[in-house]
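Notes for the structure review
The residues making up each chain are set out below.
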Amino acid sequence: MTILSLQHFNLPIAPGGDKLAREFYVDLLGFEEVERPESIRHRPGGWFSVGSINLHLSVQDPFVANKVGHPAFVVDDIIKLAQRLRDADYEVSDDATFIGYIRKTTHDPFGNRIELMQPEDMVQHKL
């Protein structure tokens, strides 16, 4: 048996957080919302994708942010994305560079940890 790929990952959001989730994941990170199967369309939350990455957001009540487990998105311009997040009042912190990647960390509107990574050899701007 061999795992072939990651089909999706799921993050929790707070009740009533659908609009905030769309603003963060669609408007800031560039995901597109995709239609969910008819059998679960009535549930709050949503399904999103960008490239081969599929993200599901599900309401968790009572809500607890995911502070340790997290997605790590590889991006093509970490400097520009970090600035876009800061301009939207999100805190972005530098993480240690490892395995050839520049890394930064932010949190979505619900406090879920989000890691951003860019290969060092792709960084065009001064950090």
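- As annotated in an unreviewed UniProt entry, the chain carries the name VOC family protein and is attributed to Pseudovibrio brasiliensis.

Looking at the sheet that holds strand β8 (residues 113-119)
- Read from one edge to the other, the open sheet built from four strands follows the order β5-β8-β7-β6, with strand pairing classed as mixed. One side of each edge strand has no neighbouring strand; the edge strands of this open sheet are β5 (72-74) and β6 (93-98). Taken pair by pair, the neighbouring strands of this sheet meet at an average axis angle of 25 degrees, ignoring direction.

Digging into the layout of surface pockets
- Volume-wise, the largest pocket comes out at about 300 Å³.
- Leu 29, Val 74, Val 75, Asp 76 and Leu 81 are, among the 14 residues lining the largest pocket, the residues nearest its centre.
- Listed by contribution, the elements that provide at least two residues to the lining of the largest pocket are β5 and α2 (78-87).
- By residue number, the principal contributor to the lining of the largest pocket is α2, which donates three residues.
- Split into classes, the residues belonging to the lining of the largest pocket amount to 10 nonpolar, no polar and four charged.
- Put simply, the second largest pocket is a space of about 210 Å³.
- Lining the second largest pocket, in full, are Leu 6, Gln 7, His 8, Phe 9, Ser 52, Ile 53, Asn 54, His 70, Pro 71, Ala 72 and Phe 73.
- Looking at the lining of the second largest pocket, the elements that each hand over two or more residues are β4 (53-59) and β5.
- Split by residue class, the lining of the second largest pocket holds six nonpolar, five polar and no charged.

Cut-offs used in this document
- Residues numbered from 1 in each chain as written.
- Predicted model: local features only at pLDDT ≥ 70, side-chain atom pairs only at ≥ 80, totals over all residues.
- Heavy atoms only, no water.
- Pairing = 2+ DSSP bridges.
- Helix = DSSP H or I, 4+ residues; strand = E, 2+ residues; numbered from the N terminus.
- Axes fitted to C-alpha atoms, helices over the stretch in contact; angles between N-to-C directions.
- 1 Å grid on protein atoms, 1.4 Å probe; cavity = no way out; pocket = protein on both sides within 12 Å on 5 of 7 lines; lining within 4 Å.
- Points joined across faces, edges and corners; volume = space filled by probe spheres on them.
- Nonpolar A, V, L, I, M, F, W, Y, C, P; charged D, E, K, R; others polar.

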